[in-house]
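Survey of secondary and tertiary structure
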Amino acid sequence: MVVVYMQSPTYNNMITITGKEIQTAAGQKLNIDFAALIARCAIWAPREVHEACHDGHGVYAGVPNCRRKRHFEPRGERDGIIYDDNSRPNAKMKAMVRNCYGVRLEDCTVCHVWPDTCYDVRYHTCFANLVYIPAAIHSLTDYDEHVEACLKYRAYELFGWKPDEEEIPAKPENYPAEWLELPRCDKSQQNKQVLPKASEDDSCAKALSRLEGVYADDSLIHGIIQRALDLGCTDENAVYVDDLTLGPVNRGHISSMKTERGNSYGRYFDGLGRGSEARVCFAPRIWTRMKALGWAK
């Protein structure tokens, strides 16, 4: 059977047809609800992950001062701004899925919910503005207005968030009734990559001298330590560095917490691996002291 959407053009009367038109016509013919399809496939961050990125001034960027580069802009950091090619949101979402749901995703694409917000440092790495969609259908988020409207409303429904410049999105007609909900992973079985213990003789003097003050001051270091504890980090069980770098925290902060040298924060962690596989566990002396203070069990 041949499906005809329009009259055949002649050589001298060429017409244009877009992929979007073909998709819409096929969807109507086959009675396919693309928004419902996306809803059954969309993976979002938990609300608490989004809220953990709050900088105290209304911004929820997972990586501060980072936006997507435009086609004529080179990658890299200039004048305090990170010009990215979407690798930062991908890394953040990949770490989130691994940590919160205990899975490694393949063949999925990170999409921005609100068009063009990727060029704004406030929104490019905001978890409420990011959703994982299977790669085979992710373009629907760019080319189907109903899908786009449903995702905007879902983001507001889950996070109570929208770009500052936008109105609260209205609930679209034919809004999907069912959305994918992945089960949260068992924290007790998480992050069991065991690192070799460092010698108890290795110095942690600077970190030990600051440890109690760090907690009293509710500092950035305190936040990193608390997040590591929340993820199940001990002196033996490691957590991924990517899972600790939320909000204002970056890899430089973690690196500074692995050494006693120079102007470092002090050796709170020991580490293993590089890049996306980099992991840390608490230095033995730090872990012993934290247990004595009742901060760790």
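Residues numbered from 1 in each chain as written. Predicted model: local features only at pLDDT ≥ 70, side-chain atom pairs only at ≥ 80, totals over all residues. Heavy atoms only, no water.

With that settled, consider the nonpolar core. Among the nonpolar cores identified, the biggest contains 28 residues, and Ile225, Tyr268, Phe269, Phe282, Ile286 and Met290 are the most heavily contacted of them. Mapped by element, the contributors of at least two residues to this core are helix H7 (205-217), helix H8 (220-230), strand S8 (279-282) and helix H10 (284-292). With five residues, H8 is the largest single contributor of residues to this core. Those residues in contact with Phe269, other than ones at most four positions away along the chain, are Ile224, Ala228, Met257, Lys258, Val280, Cys281, Phe282 and Ala283. Ile38, Ala39, Cys111 and Ile137 belong to the second-largest nonpolar core, a separate cluster that totals 25 residues. (Core = buried A, V, L, I, M, F, W, Y, C linked by side-chain atoms within 4.5 Å. Buried < 20%, exposed > 50% of the residue type's maximum accessible area, 1.4 Å probe, protein only. Helix = DSSP H or I, 4+ residues; strand = E, 2+ residues; numbered from the N terminus. Contact = heavy atoms within 4.5 Å.)

A word on the environment of Leu246. With respect to the element layout, Leu246 can be found in the loop between strand S6 (239-240) and helix H9 (251-256). Residues Leu246 and Thr125 lie 121 residues apart in sequence; the distance between their C-alpha atoms is 9.9 Å. Discounting chain neighbours no more than four positions away, the residues touching Leu246 are Ala52, Cys53, Gly62, Lys92, Phe127 and Arg227.

This brings us to the sheet that holds strand S3 (residues 81-84). The strand order S1-S3-S2 describes an open sheet built from three strands, whose pairing is mixed. In the strand order of this sheet, the two ends are held by strand S1 (66-68) and strand S2 (76-78), each with one partner. Shown here is a sheet whose adjacent strand axes are inclined to one another by a mean of 30°, direction ignored. Where S2 and S3 come together, three bridges link them in antiparallel fashion. Counterpart to Arg78 in the pairing with S3 is Ile81. (Pairing = 2+ DSSP bridges. Axes fitted to C-alpha atoms, helices over the stretch in contact; angles between N-to-C directions.)

This next bit is on the packing of aromatic side chains. With the rule as written, the count across this model stands at six aromatic pairs. Through pairs of rings, three or more aromatic residues link up here, namely Tyr153, Tyr175 and Trp179. Above the ring of Tyr119, the side-chain terminus of Arg70 is found at 4.0 Å from the ring centroid. For Arg78, the ring lying beneath its charged end belongs to Tyr83, and the centroid distance is 4.0 Å. (Phe/Tyr/Trp six-rings, centres within 6.5 Å; stacked < 30°, edge-to-face > 60°. Lys NZ or Arg CZ within 6 Å of the ring centre and 35° of its normal.)

Per-residue pLDDT for the protein chain has a mean of 85; in total, 88% of the residues score no lower than 70. Low pLDDT, under 50, characterises residues 191-201; the stretch is placed with 31 contacts to residues that sit more than four places away or in other chains. (pLDDT = per-residue confidence, 0-100.)

Non-glycine residue Asn31 carries a positive phi angle of around 60°. For Asn31, the position within the fold is in the loop between helix H1 (19-30) and helix H2 (34-39). Backbone geometry places Asn86, a non-glycine residue, at a positive phi of 90°. Here Asn86 shows up in the loop between S3 and helix H4 (87-101).

This structure, assessed with the given rule, holds one cavity of 30 Å³ or more. Put simply, the largest cavity is a space of about 60 Å³. Considering the residues around the largest cavity, the lining is formed by Val49, Lys92, Ala95, Met96, Asn99, Cys100, Phe127, Arg227, Asp242, Asp243 and Leu246. Residues that form the lining of the largest cavity fall into these classes: six nonpolar, one polar and four charged. (1 Å grid on protein atoms, 1.4 Å probe; cavity = no way out; pocket = protein on both sides within 12 Å on 5 of 7 lines; lining within 4 Å. Points joined across faces, edges and corners; volume = space filled by probe spheres on them. Nonpolar A, V, L, I, M, F, W, Y, C, P; charged D, E, K, R; others polar.)

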